[in-house]
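Structural description and commentary
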Amino acid sequence: MQAEDMEVPIINNLNDNGDRQRPKGKDVFKDQQKESESSMESPNLEFEYGDTDTLTAELSLYSYTEEPEFALNRDYFEEDFRSHRGRRWIELTVEEQRAYVMRLLDALEVTDRDKRLKVARAILYLAQVFDECDTEVDVLHWSRHNVFLLYDMGIFTALLELLSMEISNSQACSSAVRKPAISLADSTELVLLSIMYLMVETVRVRTEDDRPEWIAARETFKNELSPLYNGEPFALLLFTMVTKFCSMNAPHFPMKKVLLLLWKTILFTLGGFEELQEMKVRGRERFNLPPLPEDSIKVVRAMRAASPPASAMELIEQQQQQKRGRRSRRPLVKQDSLDTYNERDPFKNDDARDEEEDPEDTDSGIEGEVDPLDRDVIIQPPPPPPPLRPPTERVNFPKGLPWAPKVEKDIEHFLETSRNKFIGFTLGDTETLVGLPRPIHESVKTLKQHKYVSIAEVQIKKEEELQQCPMTLGEEEVEETPAEMLYLGMLPNLSQYVIALLKLLLAAAPTSKAKTDSINILADVLPEEMSITVLQSMKLGIDVNRHKEIIVKAISALLLLLLKHFKLNHIYQLQFEIVSQHLVFANCIPLILKFFNQNIMSYISAKNICVLDFPHCVVHEMPELTAESLEAGDSNQFCWRNLFSCINLLRILNKLTKWKHSRTMMLVVFKSAPILKRALKVKQAMMQLYVLKLLKIQTKYLGRQWRKSNMKTMSAIYQKVRHRLNDDWAYGNIDARPWDFQAEECALRESIEKFNSRRYDKNKNGDFTPVDNCLQSVLGQRVDLPEDFHYSYEMWLEREVFSQPIQWEGLLQNP
């Protein structure tokens, strides 16, 4: 499978037929009015970003179509359990519970598939255990107790063997391929995935009332998932399921549950964001680097969301008010430019841009004007003092920008430029300041105070030394971390894994159009018999949207975790950079932009049907559902998983494009500026931060006119994004040529391949492999010749040896 097999359409306003479209007339004013009202009324979202949502939300992995299976699982359990015990499960002692689980474990080894399926459903009920509980808290308590009991009895290992059998079951795969329509009934045997997901997620989460044996079991389970199972980690088994599904060899796999289990397995074995921060701190200590200037997670959580840039409708109203007030200020936006979707060519000159300036791409009519809701971010003007206020009372002003500035490679460039200017030659030294004026001394001092050396720089320098002196420095010691072992397993099929994940992400994107040749990701959500009534159709439509949103959530979190762990492990280890290149070559950048080319506020505020989610649906009585209640949904301000997915995709896009000019140019070519600016309407600080980062890296490529008409966005970038001293992001000139960007990717690829061949190439055919020069040992080696050579050996001797004249005198002469 090649990267070209995955087609991502150009995202610049395409209709169903792929033709470019633009709204006209009254539709423009309606869309602008809706955007204006939504942007003015959008409140601050109280969202706390983390590894996962609450445990209750993460356990509700079931689709609404699977609701009848809860009762089926309970019936299978009661049919087997109560006939032997006559008591409730929670009334048994621990020893009696262990004895019953052991009997279920023995029943899993029968050859009859139907009996195995019944036993698996009984085990699934034990992991869910809801009929004997009155509240959701009781369900979580007893489910946690049962999951640790199931793990202690070896249920997960048995399920792993059964899952391997189902994956290699060619008969089930071939029958699913021949079916014209695949439904939820085709994946009933893979109910094993639900049990394994509940076990991984429950054991992974730490609680205050964990018993000592549970804490020890968690570490043991984590260590069992990381090492090789039959030559590969458990995560690779799930990656194999993903690739088989995307290659149409196993279309009956329940891909949502596979992706959720894969994500939680990676999260459990490698660690989440807090573990990453701790690993980064320990890594800097190992390389004798100064500590981090701040904790990025805490800084982002303390940020305050900014008001989004004004939409085109708001700008027109503002201009009309200015005209009525007879103000002399000339707005930057022309009133007759109403096309909110017509983005300009970033490579045109500024004069041409003046002719087609876009209100959608502008902030306000006054350059540098600050929105009233954002003024307290810069400075909070004190209120008028009351007459009796004590004179000693003072106003607390902000201390400065949220991030400490960084200097990485700016000192060398600054000194070279200064020496060329004042002395006329360069030295290649960062310590000598002879001949430079006093202000340059102060500037260098300031730069060195904020100098930041990343772990990646140390690793790159070490890699260059190993490439230059492979014999003297010896072999590198590779630490067997979970990330290292996972990468070793992923390396042979890394490209296939990345392309498969992006194909699933493309199929689950809300802006994707259904195609006949696209992947069917709805196999585990569609019932055998399609809906008939309007209420059932509405419920199925909501279920399908929720199904796609969960897939996007799992893939985005999975890719972000892989990128962050691989980068921290080693930046050149074909782990971060090679995964990044595979993502870029598989059109990940336009795919993410395509995802955000939608009504992002509508996507963020998608409604759930909480009464249908597990465990609420099995504990409480189901109310009567109507079309009005389904349409109303819940009362939450936003959908946690959708906002989580958006932030993850933005972080992935930042990691792919950071310090990569060729990939930044892809953002410009795909005209991402208006798409990203529309994402600023979501008033959540973390999401706005990563949007502003993406806008900052491409600001210099967008031209002077864009910066002039987007001063509010420029101000927000200055307030919220970390700055590099001597960074020319707001005014830099572009002197690079297009082929320079291509050379950058080629050089990166060459460095990666050199590292891979040096560290992971097990074939002894390299440049530094010892050569056997002993004539006796070489002639004494047995060489296996093909059979046809024996038949033609005499002819070969006659042609190559006997018939060829040999000049013995010439051979005896010295060369």
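Given the structure is predicted, the values throughout are model-derived calculations rather than measurements. Position labels on residues start from 1 in each chain and follow its written sequence. Totals for whole chains, interfaces and linings use every residue, but because this is a predicted model, local features are given only for residues with pLDDT of at least 70 and side-chain atom pairs only at 80 or more, for both listing and counting. Calculation of side-chain values draws on the structure's entire complement of heavy atoms; hydrogens and water are dropped beforehand.

1. Comments concerning the overall build of the protein chain
Along the backbone of the protein chain there are 41 helices and zero strands. When accessible area is computed with a 1.4 Å probe and restricted to protein chains, residues below 20% of their type maximum are described as buried, those above 50% as exposed, and intermediate ones as partly exposed. Of all 815 residues assigned to the protein chain, the portion counted as buried reaches 48%. Taking contacts inside the protein chain between residues at least 6 apart in sequence as the whole, the part at least 24 apart equals 79%. Working note: accessible area of the protein chain is about 42900 Å², and carbon and sulfur atoms make up 52% of it. For the purposes of this entry, the term helix denotes a DSSP run of H or I that reaches at least four residues, the term strand denotes a run of E that reaches at least two, and both are numbered from the N terminus. Any two residues whose heavy atoms approach within 4.5 Å are treated as being in contact. To measure how exposed things are, a 1.4 Å probe is used in the Shrake-Rupley method; for residues, cover is taken only from the protein chains shown.

2. Let's talk about the pattern of salt bridges
For this document, the term salt bridge refers to a Lys or Arg side-chain nitrogen within 4 Å of an Asp or Glu carboxyl oxygen. All told, the structure shown has 24 salt bridges when counted by the stated rule. The salt bridge involving lysine 539 is made with glutamate 67; its shortest N-O contact spans 3.4 Å. With lysine 539 in helix H24 (residues 534–569) and glutamate 67 in helix H3 (residues 67–81), this pair connects stretches of sequence that are 472 residues apart. Residue class for glutamate 67 comes out partly exposed when judged on its relative accessible area of 28%.

3. A word on the environment of valine 453
Structurally, valine 453 is set in the loop between helix H19 (438–449) and helix H20 (455–468). Remark: the alpha-carbon pair of valine 453 and valine 407, spanning 46 residues in sequence, is separated by 8.3 Å. If we ignore the near neighbours within four places in the chain, the residues touching valine 453 are Arg284, Leu289 and Val458.

4. Notes on the nonpolar core
Here, the term nonpolar core denotes a set of buried Ala, Val, Leu, Ile, Met, Phe, Trp, Tyr and Cys residues that are joined through side-chain atoms within 4.5 Å. Counting residues in hydrophobic clusters, the biggest one holds 187 residues, and the most contacted among them are Leu163, Phe234, Leu504, Phe596 and Met687. At 16 residues, the largest contribution of residues to this core is made by H24. Look past the residues within four positions of phenylalanine 596 in its chain and what remains in contact with it is Cys646, Leu649, Leu650, Ile675, Ala679 and Met687. Listed in part, the nine residues of the second largest apolar core include Val407, Ile411, Phe414 and Val444.

5. So, the environment of leucine 45
Along the chain, the position of leucine 45 falls in the loop between helix H1 (26–41) and helix H2 (55–59). Of the residues examined, leucine 45 reaches a relative accessible area of 12% and is grouped as buried. For the pair formed by leucine 45 and phenylalanine 638, sequence separation is 593 residues and the distance between their alpha carbons is 7.4 Å.

6. Here we look at helix H33 (residues 685–697)
Multiplying 1.5 Å by the helix residue count minus one yields the expected span of that helix. Taking 1.5 Å per residue as the helical rise, H33 with its 13 residues ought to reach 18 Å, and the 19 Å between its terminal C-alpha atoms agrees with that figure. Burial analysis of H33 places eleven of its 13 residues in the buried class, the great majority of the element. Among all positions of H33, only Ala685, Met686, Met687, Gln688, Leu689, Tyr690, Val691, Leu692, Leu694, Leu695 and Lys696 are buried. At the N-terminal boundary of H33, the capping side chain belongs to glutamine 684, with an oxygen 2.9 Å from the backbone nitrogen of methionine 686. Here a polar contact is recorded for every N or O atom pair within 3.5 Å, except that within protein the pair must consist of a potential hydrogen donor and a potential acceptor, and residues adjacent in sequence are included only if both atoms are side-chain atoms.

7. A word on the packing of helix H7 (residues 155–167) against helix H9 (residues 192–204)
Relative orientation of the contacting elements H7 and H9 amounts to 145°, with a least axis distance of 10 Å. Classified by chirality, the crossing of H9 by H7 is left-handed. Along its contact with H7, which presents Ile155, Phe156, Leu159, Leu160, Leu162, Leu163 and Glu166, the element H9 presents Leu192, Leu193, Ile195, Met196, Met199 and Val200. Considering only residue class, the contact of H7 with H9 consists of twelve nonpolar, no polar and one charged. Fitting a line to C-alpha atoms yields each axis, with helices limited to the stretch in contact; the angle taken between N-to-C directions then spans 0 to 180 degrees. Less than a right angle of anticlockwise turn of the near helix away from the far helix marks a crossing as left-handed, whereas a clockwise turn marks it as right-handed. Note on residue classes: Ala, Val, Leu, Ile, Met, Phe, Trp, Tyr, Cys and Pro are nonpolar, Asp, Glu, Lys and Arg are charged, and everything else, Gly too, is polar.

8. Thoughts on the confidence of the model for the protein chain
The predictor's confidence in any single residue is recorded as pLDDT, a number from 0 to 100. Looking at the protein chain, the pLDDT average stands at 78 and 75% of residues meet or exceed 70. Low confidence marks residues 327–357, where pLDDT is under 50. Its contacts with residues over four positions away, or in another chain, come to 77 contacts. In the predicted structure, residues 364–382 sits below a pLDDT of 50 and forms 41 contacts with residues beyond four places in sequence or in another chain.

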